[in-house]
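Here is how the chains run, residue by residue.
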Amino acid sequence: MISFDRVTKLYGETHALSQVSVTIKDGEFVFLIGPSGAGKTTFLKLLTREMVPTEGDIMLDDWKINTLPDSSIHLLRRRVGVVFQDFKLLSDRTVFENVALALEIIGKREPEITRDVDKVLELVGLENKKYLFPQQLSAGEMQRTSIARTIVGGPKVLLADEPTGNLDPETSWEILDILQEINDIGTTIIMATHNASIVNDLKKRTITLEHGEIVSDEARGRYHIHKKEHRTHKL
Amino acid sequence: MISLTTAWRHMRRSPYQAMAAILTMFLTLLLAGLFFLASTASFFVLKYFEGKPQITVYFQDKTSEESIHNLENELTATGKTVSIKYITKDEALALYRQQNKNDPLLLEMVTADILPASLEVSATDPNFLSDLEAVIKESEGVEEVVYQRDVVETLISWTNAIRWVGGSLAGLLAVDSILIVMTIIGMKIAIKKQEVEVLNLVGASPWYIRAPFLLEGGLYGLFGAGIASIIIGALALWMYPFLLTFLGVIPAIGSVLAAPTSAAFLIAAFIFFGGLATTGFLLGSIGSLVAVGRYLKF
């Protein structure tokens with residue numbers, strides 16, 4: 001279980017998050033929505049300890065993330081995987097090698113690595129592209145590689161920071177299908193997104209952030225288009 | 001093991017930077033190795049001369065044995081001598097033959113007649129040498145007096161010069177090597193910023209990320225030491241006859257040089273080349289440690 005207890009994060013005088021309290025149960029699929037600068041990425045970065053809160057406590061099961069010693073941060077990151085909008089793949093490694101990286105760092109042996117990587121590549125539908133380099137893949141395939149790398153180590157939580165931001169609608173839905181499959185096997189998923197159609201169609205729990213505060217937390221949420229974004233859309 | 005493989009891959013992917021680091025390390029270790037050998041040799045030469053009699057009195061051919069014994073008695077009577085050894089002309093010839101046994105030409109030309117008899121005198125205290133000198137000067141039939149002190153002092157000044165110049169140069173080059181390795185590893189960390197970021201995010205331990213960079217610096221040192229060892233080894237092989245003739249008379253050096261397959265020689269070679277490799281590895285590791293500490297903060 002993940003819990004934020006009155007968490008505040010300040011960047012100088014600016015409140016990135018302000019007194020945020022929220023609980024996410026194991027196995028949930030949660031959308032994190034809100035306009036740019038609302039605090040979605042800060043929320044996710046606090047969960048991976050890329051940042052520490054200015055105030056408040058963040059728990060993942062019995063781990064207090066904000067006071068976790070530096071020497072244990074890597075252990076947290078093995079439990080909390082992240083998928084990014086820009087994929088963050090290593091261009092000099094093949095799909096297989098990119099995914100295998102997550103197992104190499106925990107000292108798994110080669111036969112195990114081969115077995116586990118092949119399994120996740122099959123799950124994300126890249127079993128025939130494992131010897132290609134990232135530059136030889138489409139954006140959707142790159143994102144699928146990124147997801148495979150994140151889940152191959154069996155994280156408890158998967159954070160996705162706008163994973164469909166660079167993808168066309170059809171590919172976005174393919175990625176969502178994969179995330180749904182991962183969620184179905186018990187992995188908690190928190191996905192920050194601007195994609196209204198995905199949020200509206202999937203009807204998952206949706207937390208809306210604005211100016212660093214939670215303005216709504218609905219069990220079967222809908223994407224509330226912010227006025228400013230609406231004006232931009234009209235233009 | 002995986003860190004070593006990664007370090008090796010880093011080196012292969014930027015060969016020019018690796019070559020620059022290895023060449024610098026090689027020059028540093030070559031110079032340090034040569035100066036260390038020169039300094040060690042001069043130390044043993046010095047010890048050898050320090051252990052020799054402090055004054056050697058050579059007599060004219062016409063000087064009678066009685067006069068020599070009179071001087072010996074006078075010197076003993078001062079109570080300021082530890083030992084006085086009389087070397088006759090025949091004994092001098094025997095010594096000469098022993099020292100030049102490998103050079104028949106030199107042996108043919110020398111007979112006992114042309115070698116002087118001598119007294120080898122050791123004082124109880126170096127401060128008494130001037131008192132003994134006064135006694136010797138009053139004696140008749142003395143041809144030449146050699147003071148070991150002069151030889152030792154010259155050797156000390158040479159040894160100190162070698163240590164000072166060699167130490168300073170090796171020290172400067174060591175600092176230069178550390179700075180170059182630090183710069184190269186720093187550049188590599190900057191180039192691999194994204195890889196480091198990804199490794200961090202997928203949960204690699206700090207040691208897992210740092211180790212290849214640390215090892216890379218150490219490997220530069222090891223390769224540099226390897227090349228320096230080959231060059232020093234080849235030089236030693238080329239100069240072997242000269243070294244044996246020139247330094248072979250010094251027991252501590254001669255015993256090692258005389259038998260290149262002996263345990264003493266092999267142990268000395270192992271310690272020297274092992275020391276060179278360790279020094280190289282440490283220098284490289286220090287350079288990369290500084291770079292890692294400076295550029296890999298997490």
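Residues numbered from 1 in each chain as written. Chains lettered and ligands numbered in written order. Predicted model: local features only at pLDDT ≥ 70, side-chain atom pairs only at ≥ 80, totals over all residues.

**Observations concerning the overall build of chain A**
Thinking step 1. For chain A, the helix and strand inventory stands at 8 helices and 10 strands.
Thinking step 2. For chain A, with 235 residues in total, the buried portion stands at 42%.
Thinking step 3. Sequence separation of 24 or more characterises 68% of the internal contacts of chain A that already satisfy a separation of 6 or more. (Helix = DSSP H or I, 4+ residues; strand = E, 2+ residues; numbered from the N terminus. Buried ≥ 20, exposed ≤ 12 C-beta atoms within 10 Å, placed from the backbone. Contact = placed C-beta atoms within 7 Å.)

**With respect to helix α5 (residues 139-151) of chain A**
Thinking step 1. The terminal C-alpha atoms of α5(A) lie 19 Å apart, and with 13 residues this matches the ideal 18 Å at 1.5 Å per residue to within 8%.
Thinking step 2. Contacts from the buried residues of α5(A) go to β6 (80-84), α3 (95-104), α4 (110-123), β7 (157-161) and α6 (169-184) of chain A. (Expected span 1.5 Å × (residues − 1).)

**A look at the packing of α3(A) against α5(A)**
Residue and element names in this part refer to chain A.
Thinking step 1. For the pair α3 and α5, interaxial distance at closest approach is 7 Å and the crossing angle is 30°. Taken as axis vectors, α3 and α5 run roughly parallel relative to one another. Considering only the axes of α3 and α5, their crossing is right-handed. Here Val95, Asn98, Val99, Leu101 and Ala102 of α3 come into contact with α5, specifically with Thr145, Ala148 and Arg149.
Thinking step 2. Across the contact of α3 with α5, the residue classes tally to 5 nonpolar, 2 polar and 1 charged. (Axes fitted to C-alpha atoms, helices over the stretch in contact; angles between N-to-C directions. Parallel < 35°, antiparallel > 145°, perpendicular 65-115°, else oblique. Left-handed = near helix turned anticlockwise from the far one by under 90°. Nonpolar A, V, L, I, M, F, W, Y, C, P; charged D, E, K, R; others polar.)

**A closer look at the interface of chain B and chain A**
Thinking step 1. Taken together, the contact between chain B and chain A spans 10 residues of the former and 11 residues of the latter.
Thinking step 2. Per-element tally for the side of chain B that touches chain A: the top contributor is helix α8 (residues 193-201) of chain B, with 4 residues.
Thinking step 3. Each residue belonging to the side of chain B that touches chain A can be placed in one class, and the counts come to 7 nonpolar, 2 polar and 1 charged.

**Side note on helix α7 (residues 148-191) of chain B**
Thinking step 1. In this model α7(B) runs 63 Å from its N-terminal to its C-terminal C-alpha over 44 residues, within 8% of the 64 Å that 1.5 Å per residue would give.
Thinking step 2. All of the buried residues along α7(B) are Gln148(B), Ala170(B), Ala174(B), Ser177(B), Ile178(B), Ile180(B), Val181(B), Met182(B), Ile184(B), Ile185(B), Lys188(B) and Ile189(B).

**Considering the pairing of β7(A)**
Regular strands have side chains that alternate between both faces of the sheet.
Residue and element names in this part refer to chain A.
Thinking step 1. Counting buried positions over the 5 residues of β7 gives 5, a clear majority of the element.
Thinking step 2. By the alternation rule, side chains of β7 split into Val157, Leu159 and Asp161 and Leu158 and Ala160, which are all buried.
Thinking step 3. With 5 bridges joining them, β6 and β7 adopt parallel strand pairing. Looking across to β7, one finds that valine 80 is bridged to valine 157.
Thinking step 4. One ladder, built from 5 bridges, connects β7 with strand β8 (residues 188-192); its direction is parallel. Across the sheet, the residue bridging to alanine 160 is methionine 191, located in β8.
Thinking step 5. Handedness of the crossover joining β7 and β8 through α6: right-handed. (Pairing = 2+ DSSP bridges. Right-handed = clockwise from strand over helix to strand, strands pointing away.)

**Some words on the packing of helix α2 (residues 15-50) of chain B against helix α11 (residues 263-295) of chain B**
The geometry of a pair of packed helices is captured by two quantities: the angle between their axes and the separation between those axes.
Residue and element names in this part refer to chain B.
Thinking step 1. Packing of α2 against α11 brings their axes to within 11 Å, and their N-to-C directions diverge by 140°. The orientation of α2 relative to α11 falls into the category oblique. For the crossing formed where α2 meets α11, the hand is right-handed. Facing α2, whose interface residues are Met25, Leu29, Ala32 and Gly33, α11 presents Leu276, Thr279, Gly280, Leu283 and Gly284.
Thinking step 2. A per-class count over the contact of α2 with α11 returns 5 nonpolar, 4 polar and no charged.

**Focus: unusual backbone geometry**
Residues and elements named next belong to chain A.
Thinking step 1. Backbone geometry at aspartate 61 places phi at a positive 55°, although glycine is not the residue there.
Thinking step 2. Checked against the element boundaries, aspartate 61 lands in the loop between β4 (55-60) and β5 (63-64).
Thinking step 3. The exposed category is assigned to aspartate 61, around which 11 C-beta atoms lie within 10 Å.
Thinking step 4. Although it is not a glycine, lysine 88 sits at a positive phi angle of roughly 50°.
Thinking step 5. Structurally, the position occupied by lysine 88 is in the loop between β6 and α3.

**Examining the domain arrangement of chain B**
It is common to report an interface's size as the accessible area lost on association of the parts.
Thinking step 1. For chain B, the domain assignment lists domain 1 (2-49 + 154-295) and domain 2 (61-140).
Thinking step 2. One C-alpha centre belongs to domain 1 of chain B, the other to domain 2 of chain B, and the line joining them spans 48 Å. (Domains from an automatic or database assignment.)

**Quick notes on the pairing of β8(A)**
All names here are of chain A.
Thinking step 1. Counting buried residues along β8, 5 of its 5 residues qualify, which places the element largely inside the surrounding structure.
Thinking step 2. Bridge analysis of strand β3 (residues 29-33) against β8 gives 4 bridges, and the strand direction is parallel. From the neighbouring strand, valine 30 faces β8, where its bridge partner is isoleucine 190.

**Considerations on the sheet that holds strand β10 (residues 213-218) of chain A**
Sheet strands pair by backbone hydrogen bonding; their relative direction is either parallel or antiparallel.
Residue and element names in this part refer to chain A.
Thinking step 1. Sheet architecture is open: 6 strands sit in the order β6-β7-β8-β3-β9-β10, paired in mixed fashion. Every other strand in the sheet has two partners, leaving β6 and β10 as the edge strands with one partner each. When the angles between neighbouring strand axes are averaged without regard to direction, this sheet yields 20°.
Thinking step 2. As paired elements, strand β9 (residues 205-210) and β10 share 5 bridges and run antiparallel to each other. Looking across to β10, one finds that glutamate 210 is bridged to glutamate 213.

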